[in-house]
Every structure is written in structure tokens, then in C-alpha cells.
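The primary structure of each chain is shown beneath.
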Amino acid sequence: MPRLGIAFDRLGSLVAALALFAAFVLPFVTYRANRIVSGEPRLLLHALPTTMIVIVLAAVIGAAWVAVLIRRPSVRLIAAAVGLVVVAPAVGLSAGFVTPAGNSFARVSPASGFWLLVLAFGLLAADSLTRLRFGPWARLAALAVAAGAIALLLLSGAWHDLSLLKEYATRTDSFWREARHHVLLSLGSVLAAVIIGLPLGILCHRVRVVRVPMLQVLNILQTIPSIALFGMLMVPLGYLAANVPLAAAIGIRGIGTAPAFLALVLYALLPIVANTVVGLDQVPASVVDAARGMGMSRRQRLFQVKFPLALPVILTGIRIVLVQNLGLATVAALIGGGGLGTFVFQGIGQTAMDLVLLGAIPTVGLSFAAAVILDAIIELAGRAHS
Amino acid sequence: MIEIQNLSKRYDDTIVVDDVSMRMEEGSITVIVGTSGAGKSTLLRMINRLVEPSSGRVLIDGQDTMAVPEDELRHRIGYVIQGNGLFPHRTVAGNIATVPRLLGWEAKRIGQRVDELLQLFQLDPAEFAGKYPHELSGGQQQRVGVARALAARPALLLMDEPFGALDPVIRSKAQDDLLAIQRRLGTTVVLVTHDMEEAFRLGDKIAVMDEARLVQYGTAAELLTHPAEGFVERLVGTAERPFRLLSLTRVRDVVEPGTADGEPLDASIDLREALARMVWVGRDALPVLDSSGAMLGRVSIGGILAHGRQAP
Ligand SMILES: Nc1ncnc2c1ncn2[C@@H]1O[C@H](COP(=O)(O)OP(=O)(O)OP(=O)(O)O)[C@@H](O)[C@H]1O
Ligand SMILES: [Mg+2]
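Quantities reported herein were computed from a predicted structural model and do not represent experimental measurements.

A. Structural detail: the overall build of chain A. In terms of regular secondary structure, chain A is built from 16 helices and three strands. Along the first, second and third principal axes, the C-alpha set of chain A runs to 75 × 70 × 35 Å. With 386 residues in all, chain A has 47% of them scored as buried. For chain A, restricting intrachain contacts to residue pairs at least 6 apart in sequence, the fraction spanning at least 24 positions comes to 77%. By element, 73% of the accessible surface of chain A is carried by carbon and sulfur atoms, the whole surface being about 18800 Å².

B. Layout of the interface of chain B and chain A. Taken together, the 21 residues of chain B in the interface contact 19 residues of chain A. For the pairing of chain B and chain A, the buried interface totals around 1800 Å² over both sides, and the portion due to carbon and sulfur atoms is 61%. Of all residues in chain B, Phe87, His89 and Leu102 of chain B give up the largest surface area on contact with chain A, accounting jointly for 28% of the area buried on that side. At the junction of chain B with chain A, the criterion picks out one salt bridge. Notably, a salt bridge pairs arginine 45 of chain B with aspartate 289 of chain A, separated by 2.9 Å at the nearest N-O pair. Linking chain B to chain A there are seven residue pairs in polar contact (both at pLDDT 80 or more). Elements that contribute at least two residues to the side of chain B that touches chain A include exactly helix H2 (70-75), strand S6 (77-81) and helix H4 (98-102) of chain B. Residues of the side of chain B that touches chain A, tallied by class, amount to 10 nonpolar, six polar and five charged.

C. Examining the confidence of the model for chain B more closely. Chain-level statistics for chain B give a pLDDT mean of 90 and a share of 98% at 70 or above. Under the prediction, the complex receives an ipTM of 0.84, its pTM being 0.84.

D. View of the domain arrangement of chain A. Residue and element names in this part refer to chain A. Each domain of chain A was delimited in the assignment, giving domain 1 (2-160) and domain 2 (172-384). Each of domain 1 and domain 2 was reduced to a C-alpha centroid, and the two centroids are 35 Å apart. Summed over both sides, the interface of domain 1 with domain 2 buries roughly 1100 Å², with 64% coming from carbon and sulfur. Three residues, Pro136, Arg139 and Leu143, lead the burial of domain 1 against domain 2; their summed loss comes to 43% of the area buried on that side. Connecting domain 1 to domain 2 are two salt bridges. Between glutamate 379 and arginine 139 there is a salt bridge, with its nearest N and O atoms 3.1 Å apart. There are two residue pairs in polar contact (both at pLDDT 80 or more) connecting domain 1 and domain 2.

E. Geometry of the pattern of salt bridges. For the structure on display, the rule yields 25 salt bridges over all chains. When the shortest N-O distance is used, the salt bridge between aspartate 375 of chain A and arginine 319 of chain A registers 2.6 Å. Of this pair, aspartate 375 of chain A sits in helix H16 (residues 353-383) while arginine 319 of chain A sits in helix H14 (residues 298-328); the two residues are 56 residues apart in sequence, bridging distant segments of the chain. Judged by relative accessible area, arginine 319 of chain A falls into the partly exposed class, the value being 22%. Ionic pairing is found between arginine 74 of chain B and aspartate 71 of chain B, a salt bridge with its closest N-O pair at 3.7 Å. A residue pair is termed a helical-turn pair when its members lie 3 or 4 positions apart in one helix, as arginine 74 of chain B and aspartate 71 of chain B do in helix H2 at three residues. Residue classification places arginine 74 of chain B among the buried residues on the basis of a relative accessible area of 1%.

Definitions and cut-offs
Residues numbered from 1 in each chain as written. Chains lettered and ligands numbered in written order. Predicted model: local features only at pLDDT ≥ 70, side-chain atom pairs only at ≥ 80, totals over all residues. Heavy atoms only, no water. Helix = DSSP H or I, 4+ residues; strand = E, 2+ residues; numbered from the N terminus. Buried < 20%, exposed > 50% of the residue type's maximum accessible area, 1.4 Å probe, protein only. Contact = heavy atoms within 4.5 Å. Areas by Shrake-Rupley, 256 points an atom, 1.4 Å probe, with all protein chains shown as cover. Buried area = accessible area lost by both parts, 1.4 Å probe. Salt bridge = Lys/Arg side-chain N within 4 Å of Asp/Glu carboxyl O. Polar contact = N/O pair within 3.5 Å; in protein donor to acceptor, adjacent residues only side chain to side chain. Nonpolar A, V, L, I, M, F, W, Y, C, P; charged D, E, K, R; others polar. pLDDT = per-residue confidence, 0-100. Domains from an automatic or database assignment.

Now the structure itself:
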């Protein structure tokens, strides 16, 4: 069907509308006289020096124009990147601009306008990345560039005046301790689940009668809400700690890391076992028959044929679980398990939104990075023969 | 030599292979043919013990296959299946190297063997060694499947409908290649098919199976001239029989002295083709040349027809 006039891009129009609305109508930053009082919104037009306002508006309007009218994904990606590269340091600059000189109690945090701009540019970037169909290596490189840009902003001090970084500055040590703990808890629980889940999956694949009951039990575990599961584990582990000196000696307690770790392992088991079973089952019968006919033993068939062919499916299970546990580990803080959730719950308790974000933003970033990295690995693992 | 003695296979109450005895000569091609579900694959798979016989024995060169550990037995027997069963995660070279690797050959020897086989199957090693199966055509995949089965120089090759997935043209080429390679290497081949043409074309001997039983076992000529009553007669096809019989004989074997006019025939073509040629050009006789171009004599329609007549 021939089109009349200019062809508008539907997603692009949405992005443009969001960006313009965010830039002109919504507050760019929130100013508060101290950490916990409620704040006053500042529009972009009042939150930056004039030259900077011109630059930001130029970037926003330019990106909106490209989003609506230009279809080439590479151009759209560049527009989105320019938008992000301008807006991200601008919010840091705005914090310094809005804060009265010498006032160390005042807090400036990004407001809805900023977040909506980031969302709009992020959508545009994600859409153009999808259309560009980057290979796994290019996606990893894009992730590295994004991580590098964020690190540069952090290290250069461009965001130094933002309230989030002020929260960080007062608890640098505990931030890194909890972050490390969070990563270890998530990765460790996934690793343990893989070590337990792979043999269970192989068992289910081989022994048909085990399969249904095993998957059903894991399914039920998966449906228990996380807080309930933490609570349920506190009882037996507490009993263990009180009655078995060895258990107490290696750090098992009713509350703390042990029940959190155990719960995360249990949550991770179902996707890993189920994907291992599915992955092994879908290896073509003719391939297995040929392997048997050439004199491969059961073990050789498993490790040289079935396992490599099931690997992409198994890795998909591991990806699901890793992303899931990076998020779930936040809840572990509720039972004293530590991790970035500590800041989230402290922040909620003190109604200090910045503290909540100090825990939440790195968690989201970690999950996102884990998803991108594992997607790339899965594609590389399956690419040769798909 | 393979000797099958009173071999049977039963699943619960159904008998799938019923008391089959036969002997396959060293260096020959035996084709097992029959309708779907007749028990052909089961019979074949009992030779390398992919299926454990319910009763009876298989002797290879006088040795009972039960006396050898099953994996070791299979290392010595090539095995090719329909749709080739290539490993999708391994390259062509990796696929062909499977059994040599299981046997612990040195890397250098494996590499040489892979190149040698690729050349034998007319696949340029530089181009094909590093490719994955999904990058090959059906015919190329099939050749790699046979090359893989031959990698460790087995004296015996089992093939279960190896050409079943190929289109007619490629299929015919693959059959010719198999014949040439088999003659060259002297491998004993047992091949399963449900295609009668294929059986006649490839089989030094043909075993016909029907409903779990071996109903006839003999050369192509024996099957055509003296088909067992009932199933084999129908399978061989009454109308087609004289033509099939003709295609078993070469012009070379019916050359008469004398000369004739017209485009000469090659001595190596079969009588069916020679007859077709004569009908087409409208001559009763044509001259015959051998491969070097020397005149051997002539062949006449009368001579050919005499050959296609039912044996007394
Ligand atoms: N594992 C098994 N369990 C039960 N029955 C089986 C099994 N394997 C084969 N059969 C049955 O044995 C019969 C013979 O099977 P087989 O595969 O040997 O036939 P075939 O002659 O090779 O047929 P096709 O030409 O279709 O491949 C079939 O009826 C089949 O259903
Ligand atoms: Mg079969």
C-alpha cells in the first residue's frame, strides 16, 4: 500500500513524545534541604546553566526528530547514545548548580524527567540494537562500552554532587562489602545449584520414573514466596545450629547467610534440572543411535554427544537462574543475609529513597549485565551447529 | 564372512525376526529388502548388537559376537543410518575422526586418514574438513556418513537405508560411488533397503524379508528367474521382471560376430539400455565397441530378447 506524506515511526513517535514531555513538563531534579525532608521539583529550564540547557535541549530535540523521521537503525542508535551521553553528566552538573554553595546538608536527586529521558533514549537504543542484529561479540563490546561510560562518569566526579553518591560516600566500605557479598551469594547459589542440578537432570533423563515426582517437588518449591521460604528454612537451620556443633562452627545459623543461600539454591534448582532434562531429551535419536553404533559407551555418549548438544538449553536455564537470583538475593537482607538488599531495606525504614536506589540500581545493573553476557555465551555455544 | 544362525528377536509376544539363518561372503554386498516393519533393521542391528538377539548366534569370521565386548565389536564394524546421524556439533573432520579417536589413534594418523577419506569421497579436504554438517548438501552429508563409518578400516559395513533421504539423481550417484569404493576396499557390506531397484543394482546377494521371516536369499538372477511363490513374486514384479533381468547382463556378454550400421554401443552398458537405444533409433542391430574404442562385433534385438526370456 503506498503511503502518503511522511512515514512516522510508531515507536519513534512514542520515544519523541516521552522525551519532549520529560524535558519540558516534568522536573529534572528534586532539591531537598536535607536527607529526609520532602523535596521541591526543578524543571530542566531552571536546573542548569544556560549553555548547558541549550545543549541538553538540542540533544533531546535532535534525538526526538531522528526517532520520528529517520529509519536507519545505526542513525537512531547514535541519536540515542548522544542523548544519554549528554543527559547523564547533565544531571550531575545540575546537582552542583542547584545546591547552594557550601551547603553540605542539601540533597539533589534525579527526578521523573531525568528518568523518563533515560527510559526514552534507552528504548530507542534497545530498539535499534535489536534491528541491527548485532552478533554476540558486538553485544558484549556494547555492554563493555556502556559499563566503561558509567565508570568514567563515576570516577570523573561528574555525579559527585548527586544525593545518591553522597549516600555512597558516607558508606563506601559497607557498599563494596555488601556488593561483593551480593555477587558471591548469587553466583555461589547458582554454582551450587548447577553442581546439584546437572546430575539430577541427568538422572531424570535416564530414569523415567524419577522425572515426574522430581520435577513436581521442585515446581512446588519454586512457587513458595521467597519470604515464606526464608522463614521456613530458619527453623530447621536454627535447630541444626543449636544441636550440631559442627554446623554452628561452619557458620550455619537460623538467620543470616545460610538460610538465604539455601533458599536461593532451592529456587535455582527447577530451571536447571528442567532445562537439563529438556536439553538432553531433544538430542536427535538418530544422532544417539549413530553414536551407539560406532561403539561409544554410555558415558562417552553423554559427554561427547548429548551434553554438548544440550548445552545451549542448559545454559538458558543457568541464565534464567542467575538473573533471578541476582534479584532475589536482595530479599536475603530481610533475614540478615546481607547483600545490596541491606540498603534497600534500610532506606525503606528511614524513608530515604536515595538509599533504596543505592541498593536497587546496582542490582538491576548486575542482572542486566548477567543477561547480556549469558545470552552471548548461549549464542556462541550453539552457533557452530545451528 | 558373517554367519547368522537361527537368529530370532521377540518383543513381548510379537516376533520381529523369526529364526533367520544366512551366510554373507567376504567382500560381497548383501542387500536385505522387504516392506516396512518386516524386521530388516532389527536383523541388521543384531549383527552389531545394537539389538540383543532373543535366540540364535552371529559369527563373524568364526567368532561369536557375544564373545566380544559390545563397544569393541562396534569399533570394528562400520555403521551408517538413514539421515546419516552426523554429529551436528562436530566438523566434518571431527565426525570422520570419531572411531579412530575412540580407538586412541595419534592425532597425525587421524588427520591423514581423514584427508584420505575425504579425497576418496571427492570432498576437497581444504574446503570441507572444517565445515559443520548443516553447511553440507544432503548428498555431501551422506558421503561424510559413509566416510565416518569407514574411518577405522572396518572389514564389515552395515548400512540401514543409507540412501533413503536422497533425491533420485544423487541417489544413483551415491550407489555408483558405494559400488566403486566397495570394490576397491573389498569391504563386506550388508545394506537394508525397501527399494527393489536398489537391491538389484547393489546386491551380490539379496535377502527378502516378509513378516519377520527370511523368505528368499539368492543372487539377483536367481530371484528373477526363480522367485519364491507369493511375496517375492509380487515384489519382483511380473511385468518388470524381463527388464530387470536384462539390466543384470552387459552387452559385452552377448556380443555376436559381425558388424552393423549406426551409432556404436559401449560394451559395458546393460542389455536393457541397449534395447532401449535400438528401439529409439529404429535399428535391429548396432555395432559394439569396448572402452578403448576397438570393435568387438554387434548386438541384435533378437539376441537380447533371447536373453530376457524366462528360463526353462
Ligand atoms: N524396541 C522395540 N520394541 C517393540 N517393538 C519394536 C521395537 N523395535 C522394533 N519393533 C517392531 O519390530 C518390527 C520390525 O521393526 P524393524 O525396524 O526391524 O522394521 P524394518 O523392516 O526395518 O522397517 P522399516 O522399513 O520401516 O525401517 C516393527 O513392527 C516394529 O514396530
Ligand atoms: Mg528399518
